[in-house]
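Descriptive structure summary
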Amino acid sequence: MFIAIIGTPSSGKRTVLEYLERKYGFKRVRLDRKDGTEIDSAKITGSELGQPMNKLTVSSTTTPLPSTPLASPSSSSDLTFSSPSTLLDFITRNWLSHHVTTDLRTYEEIDPFVKRPFFLCVSLDGPILTRYEREQSRSEIPLSLEQFIETHDQLLNGPLPSLPSSSSSSSSKLSYHPQTDFKRSLSLAEISICNNFPTVEALEGYLDKLDLINEERLRPGWDTYFMTLASLASHRSNCMKRRVGALLVRSKRILSTGYNGTPRGTKNCNLGGCRRCNGSARGGEALDECLCLHAEENALLEAGRERIGDDSVIYCNTCPCLRCSVKIVQCGVREVVYNQSYSMDEASAAVLKEGGVILRQLHMPEKI
């Protein structure tokens, strides 16, 4: 796994990096920005002879690396690369090892890594006053709150037309470049952390619960994958009461999808096609007056009884209602996996249990 940590000044990037190093044995990698030369191929020099090294560097004149993973360096090694492309080349060949960096900053630097299956981008932020106090406590040069906010505003919203000289000097005190496309970089983060924790211990306790090295963050398991698709299907719904999506699966192969809405060829629910959904009825009430087909019904109808078989699983982003539970039992579905609860879960659970259908709630991995 390779984790890139980005974020606002004094949001705790270094603390998270050191946490990953200490707890999970991640090795830090750096970019040497003094030399802007792009390197097509890289080679780690000196370590091949078995000699101890305190710092590993990349050379632009050596021959390309072989297409096999390199031996993992010692925990005290400091891997430094001349460009993001050289770093990407090394990480790709060493993807079985854990590496972390805070040196990827711009959208253009991070985007090539996003395409790789071993990469995770984590962003940090926090209350601006809290971050200012952290910055002030560790800075040797006095820094006013106004200077901190002004430079912070440049980071988020771009450079101002004209900056006072005091702002220019304050920019150099902060550990980031104020003219990078920071907002675009944030869009690449899979996990966003608000570090408003009063102590390092509290932040690390939160990181423990977040479980950053969970493999499902890189490649979702079958349950997470299918539930994500069911949730995506729900976005096609136009029901005025609730968006619901369902996915029917057999032997880990998708048979059909469905979302709730009025029957084919009739007026959509959000255009007034269903009086019940456009009225005052609450969830679970007056369902006999509802014209909308439910997501589960659409998925079952699309698949058909012969294709469903006896080993099918239906994924629903919301627990099926009683009406749908009856049809699920009748069609021979083996298991129902749902994410969100509904108003008649107990009644649905009773019917499914009597019909021999397994009912299981799936809690999706946290993003924040």
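Residues numbered from 1 in each chain as written. Predicted model: local features only at pLDDT ≥ 70, side-chain atom pairs only at ≥ 80, totals over all residues. Heavy atoms only, no water.

**Some points on the sheet that holds strand 8 (residues 245-250)**
Applied cut-off: Paired strands, in this sense, are two strands between which DSSP finds at least two bridges. Put simply, DSSP H or I for four residues or longer makes a helix, DSSP E for two residues or longer makes a strand, and each gets a number counted from the N terminus. Axis definition: a line fitted to C-alpha atoms, limited for helices to the stretch in contact. Angles are taken between N-to-C directions and run from 0 to 180 degrees. Here, two residues are considered to be in contact whenever any of their heavy atoms come within 4.5 Å of each other.
The strand order 9-8-10-11-12 describes an open sheet built from 5 strands, whose pairing is mixed. With one partner strand each, in any of the chains shown, strand 9 (253-259) and strand 12 (358-361) form the two edges of the open sheet. Averaged over all pairs of adjacent strands, the angle between their axes in this sheet comes to 20 degrees, without regard to strand direction. Bridge count for strand 11 (residues 335-340) against strand 12 is 4 bridges, and the pairing is parallel. Residue Val336 lies in a different strand from strand 12, and its bridge partner there is Leu359. Sitting on the sheet, helix 9 (residues 222-234) touches strand 8, strand 9, strand 10 (312-318), strand 11 and strand 12, and the angle it makes with strand 10 is about 55 degrees.

**Notes on the environment of Pro365**
Here is the rule: Partly exposed residues are those whose accessible area sits between 20% and 50% of the maximum for their type, while under 20% is buried and over 50% is exposed, using a 1.4 Å probe and protein chains only.
Mapping Pro365 onto the fold places it in the segment after strand 12. What makes Pro365 partly exposed here is its relative accessible area of 32%. If we ignore the near neighbours within four places in the chain, the residues touching Pro365 are Glu216 and Thr224.

**Thoughts on the nonpolar core**
Rule in force here: Within this scheme, the nonpolar core is defined by two criteria: the residues are buried Ala, Val, Leu, Ile, Met, Phe, Trp, Tyr or Cys, and they are joined through side-chain atoms within 4.5 Å.
One finds Phe2, Phe81, Leu87, Leu104, Ile110, Phe113 and Phe119 to be the most contacted residues of the largest nonpolar core, which totals 19 residues. Taken together, the elements giving at least two residues each to this core come down to strand 1 (2-7), strand 2 (27-31), strand 4 (78-81), helix 2 (84-93), helix 3 (107-114) and strand 6 (119-125). If sequence neighbours within four positions are ignored, Leu104 has contacts with Phe2, Ala4, Ile6, Leu31, Arg33, Pro84, Leu87, Glu109, Ile110 and Phe113. Leu20, Val122, Leu207 and Leu212 belong to the second-largest nonpolar core, a separate cluster that totals 18 residues.

**Examining the confidence of the model for the chain**
Going by this rule: pLDDT: the predictor's confidence for each residue, scored from 0 to 100.
A residue-level look at the chain finds 78% of positions with pLDDT of 70 or above and a mean pLDDT of 81. Under a pLDDT of 50 for its full length, residues 35-76 has, in the predicted model, 78 contacts with residues more than four places off or in other chains. Counted against residues more than four places away or in other chains, residues 163-179, with its pLDDT under 50, gives 31 contacts.

**Quick look at the packing of helix 10 (residues 295-303) against helix 12 (residues 322-331)**
Condition: To sort the angles, those under 35 degrees are grouped as roughly parallel, those over 145 as roughly antiparallel, those from 65 to 115 as roughly perpendicular, and the leftovers as oblique. Left-handed describes a crossing whose near helix is turned anticlockwise from the far helix through less than a right angle; right-handed describes the clockwise counterpart. All residues other than Ala, Val, Leu, Ile, Met, Phe, Trp, Tyr, Cys, Pro, Asp, Glu, Lys and Arg, Gly among them, are scored as polar; the first ten of these are nonpolar and the last four charged.
Two elements in contact, helix 10 and helix 12, have axes whose closest approach is 9 Å; the angle formed by their N-to-C orientations is 25 degrees. As the angle between them shows, helix 10 and helix 12 are arranged roughly parallel. The two elements helix 10 and helix 12 meet at a crossing, and its hand is left-handed. Here helix 10 contributes Glu296, Glu297 and Leu300 to the contact with helix 12, which in turn contributes Arg323, Cys324, Lys327, Ile328 and Cys331. Residues of the contact of helix 10 with helix 12, tallied by class, amount to 4 nonpolar, no polar and 4 charged.

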